[in-house]
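# Coordinates in review
What follows is each chain in one-letter form.
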Amino acid sequence: MKILYICTHNRCRSILSEAITNHLAAGVLEARSAGSQPAGQVHPLSLKYLAEAGIATDGLQSQSWDEFEDFAPDLVITVCDSAAGESCPLWFGKSLKLHWALEDPSKLSGSDEQVSEAFRHCIALIKARVLALKDLAGQDKSTWAKALQPLGASQ
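In this report, we go over the structure that sits alongside the text. These numbers were taken from a predicted model, which means no experiment stands behind them.

## A short note on the sheet that holds strand E3 (residues 75-78)
If you walk across this open sheet you meet the 4 strands as E2-E1-E3-E4, and the pairing is parallel. Each having just a single partner strand, strand E2 (30-34) and strand E4 (96-99) make up the two edges of the open sheet. For this sheet, the mean angle separating the axes of adjacent strands, direction not counted, is 20 degrees. The pairing of strand E1 (residues 2-6) with E3 spans 4 bridges and is classified as parallel.

So, in C-alpha cells, the structure goes:
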C-alpha cells in the first residue's frame, strides 16, 4: 500500500507520519509526505523526537505535493485540518482519502517537558494508526475502502 501524507507546510506531522510508517511497515507500506505550501525544511524537533524514538531521519525533506504526481498513492492521508479543507490536485482522484487531524506539537508554546510530551504523544498516535494500516494492507485491495470507512475514509 502506497501512502502520501499531506500537511500544509510538510514540516512536522506529515514528516513524522512518513518516517514512522517506513520504519514500522517497510515492505508492506510505502510512505511519502508533502505539502500544498511546503516550508522547505523539516522542523528540527521532528527530527529530534524521531531520533529519540529510534526512527531514521535520513532523506526526510519538506516538499510540494506537485512532486508526487507519479507516485500514485493508494491512500492520501491529511494530518492537519487546513490541509483537509484544501482542494487537492486532480491526480489524487483515484486515491482513497483519510483525515487524521493530529495536533501540531511544533506549535505548542510551553515548557520543554510539555513540548516533549506533545511530540511523544503525537508519535504514539501515529504508531498505533500505522500498525492498523499495516494489518489492512495484507487484505485484498478491493476491501480497503470499506475497511477504512470507520476511520473517515472517502473516495
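## Some details on the pairing of E4
A regular strand places its side chains on the two faces of the sheet in alternate fashion. Burial along E4 is one-sided: Leu96 and Leu98 are buried, and none of Lys97 and His99, which face the opposite way, are. Bridge count between E3 and E4: 4 bridges; the pairing is parallel. When the bridges of E4 are listed, isoleucine 77 appears paired with leucine 98.

## Some words on helix H4 (residues 112-137)
Across its 26 residues, H4 extends 37 Å between first and last C-alpha, which sits within 8% of the 38 Å expected from 1.5 Å per residue. Among the residues making up H4, those that are buried are Val115, Ser116, Phe119, Cys122, Ile123, Ile126, Val130, Leu133, Leu136 and Ala137. Elements that come into contact with the buried residues of H4 comprise E1, helix H1 (13-24), helix H2 (44-52), E3 and helix H5 (144-148).

Reading the values: rules and limits
- Residues numbered from 1 in each chain as written.
- Predicted model: local features only at pLDDT ≥ 70, side-chain atom pairs only at ≥ 80, totals over all residues.
- Heavy atoms only, no water.
- Pairing = 2+ DSSP bridges.
- Helix = DSSP H or I, 4+ residues; strand = E, 2+ residues; numbered from the N terminus.
- Axes fitted to C-alpha atoms, helices over the stretch in contact; angles between N-to-C directions.
- Buried < 20%, exposed > 50% of the residue type's maximum accessible area, 1.4 Å probe, protein only.
- Expected span 1.5 Å × (residues − 1).
- Contact = heavy atoms within 4.5 Å.

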